[in-house]
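Descriptive structure summary
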Amino acid sequence: MRELKLQTQMKYSLAPHLQAVLNGTNIMVSFLSRTNTTYILQFKTNLTDAAWNPVLTNSGTATWISITNGINGASGFYSPFELDPSNPSVCYFGGDRLWRSPDHSDTWAAITAGGALNGIVCAIAVHPADSNTVYIGTDRGSVYRVQRTGATWNLSDVTTTNLTAANLPANVSIGSLAVDTAGTVWATVASVLFAENTNEYSSDHVFRLTGGSTTWETRSGGLVAGNPVNAIVIDPSNSNRLFCGADVSVFRTEDAGVTWTPWDEGLPTVPIFDLAIYAPLRLLRAATHGRSIWERPIDSSTCPMVDLYLRDYILDTGRVQPTLAYQPDPLDPAQLVSWSESVDVK
């Protein structure tokens, strides 16, 4: 459904390339795609549970199985879960250590030592050009580079480097991390920053660490004071173009964070918990706190003014013509659905 005169499209389905965080009444999920019909989720059935439990649904079944084999210890309320963009068989999960799975989450092993991190991992970013390098952020404001420097991913072959340095606020929660192909690291702060010496809230919620530098620099021009930033993504076609999602609004920059401008036409006033760019269609997708998932074309200044779109069945996205027939039902993969048999077609 695309709203009149707005450039933001609302999405209800779980797209196979989407990374997002949703909040329902008693269920929270963070989902990533493993195949077109298989999803890896972190699933929490009750808000009073002490930790998140990753689970998996397999293609052709409607059941969920635990994928925590090997994981133990503490984890955060929103536990990060990432796939290696170069190898989707490799998964990462954050708790009091960084966990890695080489086999689609069937088995896990810690690649940071217990007690080595300052806080609980709340953000993960895999280097897009180097699968041996992973960046993590914690809920106490620390950022680390985790690298395989030996022959394996055993602890003895992994080097963890603390990148926490000048200008990065201390004792805050790192909301999100992003890294470009050149190795420039971006970090956001998901805490409200208040300066007692000026008695004012700060807008410094986005920071950058360039390759070889030992000092973080704030890149927060145009952001709103007292507005925590929960997510950040880099446009793969232009490393100077980034998007960040805050407690209020999505912001866009074309000059590597020197200036940010709101880019949220049509979005509800609700925190943005995750952002993802779907490169093949050049779409930015935003997952909100309880108000669904939204998308917007990155390169289009305007969108067609469509009041209502009627799809012929559940898998019709409006982007592929003709609509594919006899495909697995995303809600019940054992069943096939087709536009010719849609209950909505008379």
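Note that the structure is a prediction, hence the values are computed from the model and not measured.

On to unusual backbone geometry. Non-glycine residue Asn171 carries a positive phi angle of around 55 degrees. Take Asn171: it is sitting in the loop between strand S14 (158-162) and strand S15 (174-179). Classification of Asn171 by relative accessible area gives exposed; the value is 67%. Residues other than glycine seldom take positive phi values, yet Ser292 does so here, at roughly 75 degrees.

Okay, the nonpolar core next. Counting residues in hydrophobic clusters, the biggest one holds 18 residues, and the most contacted among them are Tyr135, Val143, Ile174, Leu177, Val185 and Trp216. The contact partners of Trp216, leaving out residues within four places of it in the chain, are Val143, Leu163, Thr164, Ala165, Ala166, Asn167, Leu168, Val185, Ala187, Phe207, Arg208 and Leu209. Of all hydrophobic cores here, the second largest spans 14 residues; its members include Val90, Ile136, Val146 and Val158.

Whenever strands of a sheet pair, they do so through backbone hydrogen bonds, lying parallel or antiparallel. One open sheet accounts for four strands, arranged S21-S22-S23-S24; its pairing is antiparallel. The two strands at the open ends of the sheet, each matched to only one other strand, are strand S21 (229-235) and strand S24 (261-262). The pairing of S21 with strand S22 (residues 238-246) spans six bridges and is classified as antiparallel. Along S22, the bridge assignment pairs Asp235 with Asn238.

Further remarks concern the side chain of Thr138. Along the chain, the position of Thr138 falls in strand S12 (residues 133-138). Excluding anything up to four places from it in sequence, Thr138 contacts Asn118, Gly119, Ile120, Val121, Cys122, Tyr144, Val172, Ser173 and Ile174.

Moving on, we come to the confidence of the model for the protein. In this model, the protein carries an average pLDDT of 81, and 77% of its residues clear a pLDDT of 70 or more. Ignoring residues within four places in sequence, the model shows residues 1-52, a span with pLDDT below 50, making 168 contacts including any to other chains.

Because side chains alternate across strand S23 (residues 250-253), one face comprises the buried residues Val250 and Arg252, and the other comprises Phe251 and Thr253, equally buried. Pairing of S22 with S23, which is carried by four bridges, proceeds in the antiparallel orientation. Within S23, the position partnered with Phe243 by the bridge is Arg252. Between S22 and the antiparallel strand that follows it, S23, lie three residues; Ser249 among them carries a positive phi value of about 90 degrees. The sheet contact formed by S23 and S24 spans two bridges and is antiparallel. Bridged to Phe251 within S24 is Pro262.

A separate point is the sheet that holds strand S8 (residues 87-94). The four strands are arranged S7-S8-S9-S10 in an open sheet whose pairing can be described as antiparallel. Among the strands making up the open sheet, the edge pair consists of strand S7 (81-84) and strand S10 (109-110).

A word on the environment of Gly245. Here Gly245 is to be found in strand S22. Looking at Gly245, the relative accessible area reads 0%, which means it is buried. When the C-alpha atoms of Gly245 and Ile272 are compared, they prove to be 5.0 Å apart, with 27 residues separating the residues in sequence. If we ignore the near neighbours within four places in the chain, the residues touching Gly245 are Val229, Asn230, Ala231, Ile272 and Leu275.

Quick look at the pattern of salt bridges now. Inspection of the entire model under this criterion finds ten salt bridges. Note that Asp235 and Arg282 form a salt bridge whose closest N and O atoms lie 2.8 Å from each other. Taken together, the residues Asp235 in strand S21 and Arg282 in the loop between strand S25 (272-278) and strand S26 (283-288) connect sequence positions 47 residues apart. Looking at Asp235, the relative accessible area reads 1%, which means it is buried. A relative accessible area of 18% means that Arg282 is categorised as buried. Asp299 is the salt-bridge partner of Arg282, the closest N and O atoms lying 2.8 Å from each other. Here Asp299 lies in the loop between strand S27 (293-297) and strand S28 (327-329) and Arg282 lies in the loop between S25 and S26, a separation of 17 residues in the sequence. A cluster of three or more residues bridged by salt bridges with shared partners is formed by Asp235, Arg241, Arg252, Glu254, Arg282 and Asp299.

On to the pairing of S7, then. Taking every second residue as pointing to the same face, both faces of S7 are buried, with Phe81 and Leu83 on one and Glu82 and Asp84 on the other. Strand direction decides the pairing type here: S7 and S8, joined by four bridges, are antiparallel. Bridge pairing links Glu82 to Tyr92 in S8. Between the end of S7 and the start of S8, which pair antiparallel, lie two residues.

Thresholds, definitions, all that
Residues numbered from 1 in each chain as written. Predicted model: local features only at pLDDT ≥ 70, side-chain atom pairs only at ≥ 80, totals over all residues. Heavy atoms only, no water. Helix = DSSP H or I, 4+ residues; strand = E, 2+ residues; numbered from the N terminus. Buried < 20%, exposed > 50% of the residue type's maximum accessible area, 1.4 Å probe, protein only. Core = buried A, V, L, I, M, F, W, Y, C linked by side-chain atoms within 4.5 Å. Contact = heavy atoms within 4.5 Å. Pairing = 2+ DSSP bridges. pLDDT = per-residue confidence, 0-100. Salt bridge = Lys/Arg side-chain N within 4 Å of Asp/Glu carboxyl O.

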